[in-house]
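Commentary on secondary and tertiary structure
The chain contents come next:
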Amino acid sequence: MAYINENYLKLPGNYLFAEVARRVAAYREAHPDADIIRLGIGDVTLPLPAASIAAMHAAVDEMAKKETFRGYGPEQGYDFLIEAIIENNYTSRGITVSPDEVFVSDGSKSDCGNIQEIFSTDSVIAITDPVYPVYLDTNVMAGRTGALGADGRFAGVAYLPSTQANNFAPALPDQPVDMIYLCCPNNPTGTTLSKDELKKWVDYARENDAVILFDAAYAAYITEPDVPRSIYEIDGARDVAIEFRSFSKTAGFTGTRCGYTVIPKTVTAKAKDGSRHPLNALWSRRHSTKFNGTAYIVQRGAAAIYTAEGQKQVAENIAYYMENARIIREGLSALGLSVFGGVNAPYIWLKTPNNLPSWEFFDKLLHEANVVGTPGAGFGPSGEGYFRLTAFGDRQATEKAIARIREKLAL
Ligand code: PLP
């Protein structure tokens, strides 16, 4: 008799984007001529950098010849990519990372979702609220939480509200926690933690024998100097933090798939008998057992972003999105809305006017301005009363959306 993993039954349906699609489809059916602009997408729209395309073409040609063909590669990633990552993202910022501390993967979603496997199922997790849903859902699946309560919170999880009231810098947990998920720059709020704020978390983890799971998928969007690009810029982080990075938003690899995880060999956790074990070794074991490496062609494309022309092209694409972010942020602020994010991240997080519930604001924006965004409540209970717009759209569409909001939205 096969029984299911009943933890899956604790999860609500994939309600957020399905419900967004349902409401948009219903509106379109009633208003077939409406020109609906989508600022809800969390996907890039610009093509891959030319340097990556050229490198991938060359790699395809290598695959076509017996002498240069590659089969299975190293599970952890090819040296050429790992070395380029270390040189450009760590050594250049004075951070020491060794090649066997970097694990190349098919993207950050898998890594952020799978990392929990190497921790005991009775570990307590802390998540910021609102949050990228993958951290929480994967822990629910693993049985690290109780049931979902009427308040929208899973029992046994430390929720760390992150709202305008605390300037999006959550307070330390008031209960013991073991695994702390931090995302900076943050999806969905588009806000960041300063070095001092992050230091507070590193110190907490060191004092409480906790591990920080730091998601830096949007690090490439940071413009302000005081915002850490990597958690390893903080003293002591190499003992307590794992960092996730992705080529998705950095260089348009959402469909091409490449990311990596850094686990310093100095990050350890205890077994029940009190012995300490490096998490690097556990993840290495897991990665080589369950993952067979990212495609060679893709790794060549990823490494090409670190060439001089690749860096220039990536910077141009990011600047394009960040100009969209500026247009949205300034356009909405000028209407008197409270707007956050959009300076170090491609997300703009706004307070709904008159404290409208976020789904009501979704309907209002769709009906009055024909603009689609994402209701904050979909990212956690503390997202209620907020709304996310993204800067990943087309420039003209973004400008048009803001003009429409200005002209048509009754505030
Ligand atoms: N982490 C955050 C915060 C994200 O927003 C996303 C994607 O939207 C990811 C990770 C996943 O990125 P990837 O495409 O590398 O799986």
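Reading the values: rules and limits
- Residues numbered from 1 in each chain as written.
- Predicted model: local features only at pLDDT ≥ 70, side-chain atom pairs only at ≥ 80, totals over all residues.
- Heavy atoms only, no water.
- Helix = DSSP H or I, 4+ residues; strand = E, 2+ residues; numbered from the N terminus.
- Rg over C-alpha atoms; globule rule 2.2 N^0.38 Å.
- Buried < 20%, exposed > 50% of the residue type's maximum accessible area, 1.4 Å probe, protein only.
- Contact = heavy atoms within 4.5 Å.
- Areas by Shrake-Rupley, 256 points an atom, 1.4 Å probe, with all protein chains shown as cover.
- Lys, Arg positive; Asp, Glu negative; His and termini not counted.
- Charge placed at Lys NZ, Arg CZ, Asp CG, Glu CD.
- Pairing = 2+ DSSP bridges.
- Axes fitted to C-alpha atoms, helices over the stretch in contact; angles between N-to-C directions.
- Right-handed = clockwise from strand over helix to strand, strands pointing away.
- Domains from an automatic or database assignment.
- Buried area = accessible area lost by both parts, 1.4 Å probe.
- Salt bridge = Lys/Arg side-chain N within 4 Å of Asp/Glu carboxyl O.
- Polar contact = N/O pair within 3.5 Å; in protein donor to acceptor, adjacent residues only side chain to side chain.

With respect to the overall build of the chain
Helix and strand content of the chain: 12 helices and 15 strands. At 22 Å, the chain has a C-alpha radius of gyration in line with the 22 Å of a compact globule built from 411 residues. Referenced to the eigenvectors of the C-alpha coordinate spread, the extents of the chain come out at roughly 60 × 55 × 55 Å. The burial tally for the chain puts 53% of its 411 residues in the buried class. A fraction of 74% describes how many contacts in the chain between residues 6 or more apart in sequence connect residues 24 or more apart. Per element, the accessible surface of the chain, about 17700 Å² overall, is 52% carbon and sulfur. Taken as two groups, the 40 positive and 48 negative side-chain charges of the chain have centres that lie 2 Å from each other.

Concerning the sheet that holds strand 6 (residues 211-215)
The mixed open sheet is built from seven strands, whose spatial order is 2-8-7-6-5-3-4. Whereas interior strands pair on both sides, the edge strands pair on one side only; in this sheet they are strand 2 (102-105) and strand 4 (158-161). Neighbour to neighbour, the strand axes of the sheet diverge by 20° on average, direction disregarded. The pairing of strand 7 (residues 241-246) with strand 8 (residues 259-262) spans four bridges and is antiparallel. What sits directly across from glutamate 243, in strand 8, is valine 262. The strands that helix 8 (residues 279-290) touches are strand 2, strand 6 and strand 7; relative to strand 2, the one it contacts most, it runs at about 30°.

Some thoughts on the pairing of strand 3 (residues 125-129)
The buried count for strand 3 comes to five of five residues, which makes it a mostly enclosed element. Neither face of strand 3 is open: one carries Ile125, Ile127 and Asp129, the other Ala126 and Thr128, and all of them are buried. With three bridges connecting them, strand 3 and strand 5 (residues 179-183) associate as parallel partners. In the sheet register, isoleucine 125 faces strand 5, and the bridge partner there is methionine 179. Bridge analysis of strand 3 against strand 4 gives four bridges, and the strand direction is parallel. Among the inter-strand pairings, alanine 126 is bridged to a residue of strand 4, identified as alanine 158. Note on the crossover from strand 3 through helix 5 (residues 133-141) to strand 4: the handedness is right-handed.

Some remarks on the domain arrangement of the chain
With domains assigned, the chain is organised as domain 1 (12-47 + 309-408) and domain 2 (53-306). Once you take the C-alpha centre of each, domain 1 and domain 2 turn out to be 26 Å apart. Taken together, the contacts link 29 residues of domain 1 with 37 residues of domain 2. Summed over both sides, the interface between domain 1 and domain 2 buries roughly 2500 Å², with carbon and sulfur atoms accounting for 61% of that surface. In this structure, the connection of domain 1 to domain 2 is made through zero salt bridges. On inspection of domain 1 and its partner domain 2, the count reaches 11 residue pairs in polar contact (both at pLDDT 80 or more). Elements that contribute at least two residues to the side of domain 1 that touches domain 2 include exactly helix 10 (308-334), strand 11 (339-341), strand 12 (347-351) and strand 15 (386-390). The leading source of residues in the side of domain 1 that touches domain 2 is helix 10, at six residues.

Considering the environment of phenylalanine 362
Turning to its location among the elements, phenylalanine 362 is positioned in helix 11 (residues 358-369). Since its relative accessible area comes to 1%, phenylalanine 362 is described here as buried. It is 9.3 Å that separates the C-alpha atoms of phenylalanine 362 and arginine 23, two residues lying 339 residues apart in sequence. The contact partners of phenylalanine 362, leaving out residues within four places of it in the chain, are Val20, Arg23, Val24, Val372, Gly373, Pro375 and Phe387.

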